[in-house]
Amino acid sequence: MVKALCAKALLATHKNERPSFCRVLASTREASSRAQQQQRFQSGFCGGGGGGGRDDDEKKKSGLQIVFYRHSLCPYAHRVQLCLDELDALQKTKVVDVDLSNTPEWYLEKTGGRGMVPTMEFFDDDSNSDKSGELVGESLAINQRLWEQFEGTHDPQTTDDVERFTRRCDGAFIGAGLRAIGGGWSFARERNEKTLERLEEEIWELDALIESNNASRATTTNACNDDDIFLFGGRRASLADLAIYPFAERFELALKFFQGYTLGHAEYTTKKGPSGDHREHPIRFQNWLETMRRMPSVQRARVKDEDALLRSWDRTMRLDYFDYETADYEHP
Ligand SMILES: N[C@@H](CCC(=O)N[C@@H](CS)C(=O)NCC(=O)O)C(=O)O
């Protein structure tokens, strides 16, 4: 079953600098009722609706504490998948793949009509409770909650700065990347120099951020295993790294495939370093990409059949085409 999700609604969303895959709603009535419910849902935690009864029963039997609703091609769900894996929480999580090409009724009910992934359902320790769990939508909110739950603390690197940065990135790096691959979540085969230049500017910003947060590290050559480089320094990926990488991975693949452009190789811009030195390429950003690619959680979350994904992209020319030729329910 295949279906492209989005178009008009996507473009509208994109203009508001909040990239998101949004289904074109079937009718205005449905749209307004979904919008009201969505507002309620997005305002934070809310009790789960009905639906998903079978999942709840399974959860009770197995004593699961978390249920992760996702689609294997969704970059926002990818963020959550990485976070769960990094926190060693995947094995304690029930993963439910939601068919976004034909959103099931029970899922719409459960999410108060919102119907989007990712959603995380958190249950109390009392696994005999008949109630549904607390539902959290929005990938960034889910990841923060997961970090608190599994680390028992805020991400030490999730200072206000990291949080602000990550949210800004949705509009900046991610927005620039979406425009460079084609705009409005579609792909273009022709390069648009202006949008690539803009993306490079964002990458130089990331490069500078990495440099300032890794001041004591050697970052002039390719990072090797014991020299991992993260956006906010430290020895492990922060929530910011996990939020941005799923998009970087998609941009890299799409730009190479459709436009023969290598993400992280500045073709249209150069920068001067703090001491006035000429910088040809954002080497720190390249090292960050390398670091992320090496992470076992990133490798485990990679699409299983990249060629099939590229064939699907080539045919549909859309990044938000949730097709089940490449998304596999059993082993997504
Ligand atoms: N801002 C949301 C965006 C989530 C999102 O756009 N999810 C898409 C899939 S990648 C979706 O569920 N689309 C289905 C729909 O709109 O009905 C987040 O960060 O979690």
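Residues numbered from 1 in each chain as written. Predicted model: local features only at pLDDT ≥ 70, side-chain atom pairs only at ≥ 80, totals over all residues.

**Description of the overall build of the protein**
Then, number 1: The helix and strand inventory of the protein stands at 13 helices and seven strands.
Then, number 2: For the protein, with 332 residues in total, the buried portion stands at 40%.
Then, number 3: Restricting to contacts in the protein with at least 6 residues of sequence separation, those with at least 24 account for 69%. (Helix = DSSP H or I, 4+ residues; strand = E, 2+ residues; numbered from the N terminus. Buried ≥ 20, exposed ≤ 12 C-beta atoms within 10 Å, placed from the backbone. Contact = placed C-beta atoms within 7 Å.)

**Looking at the confidence of the model for the protein**
Then, number 1: Per-chain confidence: the protein averages 77 in pLDDT, with 71% of residues scoring 70 or above.
Then, number 2: Counting interchain partners and residues more than four positions distant, the pLDDT-below-50 stretch residues 1–53 has 94 contacts.
Then, number 3: Ignoring residues within four places in sequence, the model shows residues 220–224, a span with pLDDT below 50, making eight contacts including any to other chains. (pLDDT = per-residue confidence, 0-100.)

**Some words on the nonpolar core**
Then, number 1: Counting 65 residues, the largest nonpolar core has A240, I244 and F251 as its most contacted members.
Then, number 2: With eleven residues, the top contributor of residues to this core is helix α10 (residues 239–259).
Then, number 3: For this core, the domains that each give at least three residues are domain 1 (8–151) and domain 2 (160–294).
Then, number 4: If near-sequence neighbours (up to four positions away) are discounted, I244 is found in contact with C169 and F173. (Core = buried A, V, L, I, M, F, W, Y, C linked by C-beta atoms within 7 Å. Domains from an automatic or database assignment.)

**Side note on unusual backbone geometry**
Then, number 1: Of the consecutive residues V117 and P118, the connecting peptide bond is found in the cis state with omega at 0 degrees.
Then, number 2: Of note, the phi angle at W185 is positive, near 70 degrees, even though the residue is not glycine.
Then, number 3: Phi at M317 is positive, roughly 55 degrees, even though this residue is not glycine.

**Quick look at the pairing of strand β4 (residues 119–122)**
Then, number 1: Sheet topology places strand β2 (residues 66–70) next to β4; four bridges connect them, and they run antiparallel. Looking at the pairing, F68 lines up with M120 of β4.
Then, number 2: Where β4 meets strand β5 (residues 134–137), four bridges bridge the pair, whose relative direction is antiparallel. Across the sheet, residue M120 finds its bridge partner in β5, namely V136. (Pairing = 2+ DSSP bridges.)

**Thoughts on the pairing of strand β3 (residues 93–97)**
Two faces make up the sheet, and in a regular strand the side chains alternate between them.
Then, number 1: The sheet contact formed by β2 and β3 spans five bridges and is parallel. When the bridges of β3 are listed, V67 appears paired with K94.
Then, number 2: The parallel pair β2 and β3 is bridged by helix α4 (residues 75–86), and the resulting crossover is right-handed. (Right-handed = clockwise from strand over helix to strand, strands pointing away.)

**What about the packing of helix α8 (residues 173–181) against helix α9 (residues 193–213)?**
The description of two helices packed together rests on the angle between their axes and the distance between the axes.
Then, number 1: Here α8 crosses α9 at 150 degrees, and the two axes come no closer than 8 Å. The pairing of α8 with α9 is recorded here as roughly antiparallel in orientation. Crossing of α8 over α9 shows left-handed handedness. Across the interface between the two elements, F173, A176, G177, R179 and A180 of α8 pack against T195, L196, R198, L199, E202 and L206 of α9.
Then, number 2: Residues that form the contact of α8 with α9 fall into these classes: six nonpolar, two polar and three charged. (Axes fitted to C-alpha atoms, helices over the stretch in contact; angles between N-to-C directions. Parallel < 35°, antiparallel > 145°, perpendicular 65-115°, else oblique. Left-handed = near helix turned anticlockwise from the far one by under 90°. Nonpolar A, V, L, I, M, F, W, Y, C, P; charged D, E, K, R; others polar.)

**A look at α10**
Then, number 1: A rise of 1.5 Å per residue sets the reference length of α10, with its 21 residues, at 30 Å; its end C-alpha atoms lie 30 Å apart and thus fit the reference within 8%.
Then, number 2: For α10, the buried fraction is high: 15 of the 21 residues fall into the buried class.
Then, number 3: Downstream of α10 by a residue or two, G260 has a phi angle that is positive, lying close to 60 degrees. (Expected span 1.5 Å × (residues − 1).)

**Some thoughts on the environment of Y69**
Then, number 1: Looking at the element boundaries, Y69 is found in strand β2.
Then, number 2: Looking at Y69, the number of C-beta atoms within 10 Å reads 25, which means it is buried.
Then, number 3: With 68 residues separating them in the primary sequence, Y69 and G137 have C-alpha atoms 9.7 Å apart.

**Side note on helix α13 (residues 306–316)**
Then, number 1: Regarding α13, the residues found buried are L309, S312 and W313. Down the axis of α13, the buried set is contained in an arc of 100 degrees. They therefore lie on one face. Across α13 from its buried face, at more than 90 degrees, point the exposed residues D307, D314 and R315.
Then, number 2: Buried-residue contacts for α13 involve α10.
Then, number 3: At the C-terminal side of α13, M317 shows a positive phi close to 55 degrees. (Arc of directions from axis to C-beta.)

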